[in-house]
Protein chains: 2
Amino acid sequence: MNTTRARTLCAATLVCALAFATAVAQANDGLPSWNDGPAKAAIVQFVKDVTTEGGKDYVPPAERIAVFDNDGTLWAEQPMYFQLAFALDRVKALAPQHPEWKTKEPFASLLKGDLKGALAGGERALLEIMAVTHTGMTTEEFEKIVKDWLSTAKHPPFKRPYNEVVYQPMLELLAYLRANGFKTFIVSGGGVEFMRAWVEKVYGIPPEQVVGSMGKQKFELRDGKPVLVKLPAVDFVDDKEGKPIGIQKFIGRRPIAAFGNSDGDLQMLQWTAAGAGPRFMGLVHHTDAEREWAYDRKSHVGQLDKALDEAMAKGWTVVDMKRDWKRVFPFE
Amino acid sequence: MNTTRARTLCAATLVCALAFATAVAQANDGLPSWNDGPAKAAIVQFVKDVTTEGGKDYVPPAERIAVFDNDGTLWAEQPMYFQLAFALDRVKALAPQHPEWKTKEPFASLLKGDLKGALAGGERALLEIMAVTHTGMTTEEFEKIVKDWLSTAKHPPFKRPYNEVVYQPMLELLAYLRANGFKTFIVSGGGVEFMRAWVEKVYGIPPEQVVGSMGKQKFELRDGKPVLVKLPAVDFVDDKEGKPIGIQKFIGRRPIAAFGNSDGDLQMLQWTAAGAGPRFMGLVHHTDAEREWAYDRKSHVGQLDKALDEAMAKGWTVVDMKRDWKRVFPFE
């Protein structure tokens, strides 16, 4: 509704004036893409509780740490993890320099467009794909490769750059928490250097507040200039039990709020819940097959089963995408 | 000088008024414990350059990352690394529960007060001492042990709690940089959890801005409550080549300013220096045997040899403790 027109239509009736004031207040609450309902109410109440000075649940700003999973929580993860799409695109781009891939799995299948065949080799096949696409270059070279990919690749159903396929309500939530003195972190199973290349611009989260999986690196002087070379060896996997460990290693302070969307986030939510004082545990439940996707207990990507049971048993907030989100993507 | 008295004495003479204004400006520059000289001038000029909007060396606040070594840079490291003093005190405290230590090295020598004998076993002896004092407990238990130790142990020559044996000029420098929009980080060879227990209170640096060496951890549910258990396995050593790697892993952005005091900081300084735009590389040179200690090229603790050569060759700032610091410790 156009606000000027609304004001004119409503003029001079008290009820209408009140309704208008409420509408404006809602639009100004920092969460305009959230429908009124239990999820939004729980968020707003929690933030009010921890920011009310003198209140029994007040938390000083330095301790207002909020952590967010990325895949399926801040940006989409279907039809495949976006970092896997990046890796597959890189294999294609690098293929001309690797004629041997024509007969070597998992590359041979991949280059024929047979993803299922390529991934039939299981974890080993995946690690081989990650090694050739994510290692062997310097950290600066890798950052440039990721940025170039984001500026050209398009997410298949939405025909948008991958870093536009992010959830508008979650962008608003990040900004809302920061406006209330929170420090927002990503704690994701995704590669930390893959994320750091773009998250500051998209989410307003600086690189030093990104925790993720990572490979080993090597310091070298090349012609007197120091570089860090990415090595084909896994250093840390920031998933499941790895998430609370990643939080402890990289942040060193227990969060008071955590948001995830899958069983990979369960331990992070448990770790957050186990602290003293007010806590907020949230799950994004993908329930909207029309605007996004609907998947949970049986999904291969972003399986949400045990964490959903625990959320229901413990009264954590489950965000029902279809019910709770007025708008899913910024480009809608 | 009492300012009211100075004002009264000076009243009505122009020269005196100017002198008074200068004295006040110096006292208010945020670095009162630094003598005027090349080191302070270089710091002030650098900060002015990167914070002057529209200037050719302007750096946006988000990129104003400053990293500091801890041992010998922010707090003292003589007569032994303070974390080693902590470990030795813990061995003594735990000895009654370990009668077998009476005949087992390195503990037998340690308990007889023979540190040299205990450390004759080299790295393996040191790792054994670290394992029994730093692992086998939860992260929360360890934090409490460190805090309890700091509240009772005294640094031998100064008879002060160890976390008071910190450098007043460096405390001022940290605050000065933060007041100018910098984000200050510790990047130290010391244990990250040992430091995080106290640095926020002492340096104003929150746990999430501390990078250090660390052991592996394990996530466990104990009676349904999640805990992180510290394991006797080294995960990451944040020293020498490890420092730029630690910066990349934990911060993910190259610093524009770095301060160290030993050869263990050389690669961190090289990595900082190799970025584009204005850079500040600083070394604290321990030159004051009267107020603190004097040591450099031949020292077993905090050896400063190659980094001193490179600093001189490349024009990095070398802080001469005797010459540049008006006051060394806050308790003086």
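Residues numbered from 1 in each chain as written. Chains lettered and ligands numbered in written order. Predicted model: local features only at pLDDT ≥ 70, side-chain atom pairs only at ≥ 80, totals over all residues. Heavy atoms only, no water.

1. Structural notes on the interface of chain B and chain A
Here is step 1: Contacts between chain B and chain A engage 37 residues on the former and 37 residues on the latter.
Here is step 2: A combined buried area of about 3,200 Å² lies between chain B and chain A, and 54% of that area is made up of carbon and sulfur atoms.
Here is step 3: Together, B:Glu208, B:Phe219 and B:Lys249 form the three largest contributors to the area buried by chain B at its contact with chain A, with a combined 22%.
Here is step 4: At the boundary of chain B with chain A, the tally comes to 10 salt bridges.
Here is step 5: Across the pair A:Glu140 and B:Arg254 runs a salt bridge whose closest N-O atoms are separated by 3.1 Å.
Here is step 6: Applying the counting rule to chain B against chain A returns 20 residue pairs in polar contact (both at pLDDT 80 or more).
Here is step 7: Of all the secondary structure elements, the ones that give two or more residues to the side of chain B that touches chain A are helix 8 (139-152), strand 2 (183-191), helix 10 (192-196), strand 3 (210-222), strand 4 (225-236), helix 12 (242-251) and helix 13 (266-273) of chain B.
Here is step 8: The element that contributes the greatest number of residues to the side of chain B that touches chain A is helix 12 of chain B, accounting for 6 residues.
Here is step 9: Tallied by class, residues from the side of chain B that touches chain A come to 17 nonpolar, 7 polar and 13 charged. (Contact = heavy atoms within 4.5 Å. Buried area = accessible area lost by both parts, 1.4 Å probe. Salt bridge = Lys/Arg side-chain N within 4 Å of Asp/Glu carboxyl O. Polar contact = N/O pair within 3.5 Å; in protein donor to acceptor, adjacent residues only side chain to side chain. Helix = DSSP H or I, 4+ residues; strand = E, 2+ residues; numbered from the N terminus. Nonpolar A, V, L, I, M, F, W, Y, C, P; charged D, E, K, R; others polar.)

2. Let's talk about the packing of aromatic side chains
Here is step 1: Following the criterion strictly, the structure yields 47 aromatic pairs over all chains and no others.
Here is step 2: Ring centres 5.8 Å apart and planes at 85 degrees place the aromatic pair B:Phe158 and B:Trp293 in the edge-to-face group. Of this pair, B:Phe158 sits in the loop between helix 8 and helix 9 (168-179) while B:Trp293 sits in the loop between strand 6 (280-285) and helix 14 (306-314), and the two are 135 residues apart along the sequence.
Here is step 3: Site record: aromatic cluster; members linked through ring pairs are A:Trp75, A:Phe82, A:Phe86, A:Phe142, A:Trp149, A:Tyr162, A:Phe194, A:Trp198 and A:Tyr203. (Phe/Tyr/Trp six-rings, centres within 6.5 Å; stacked < 30°, edge-to-face > 60°.)

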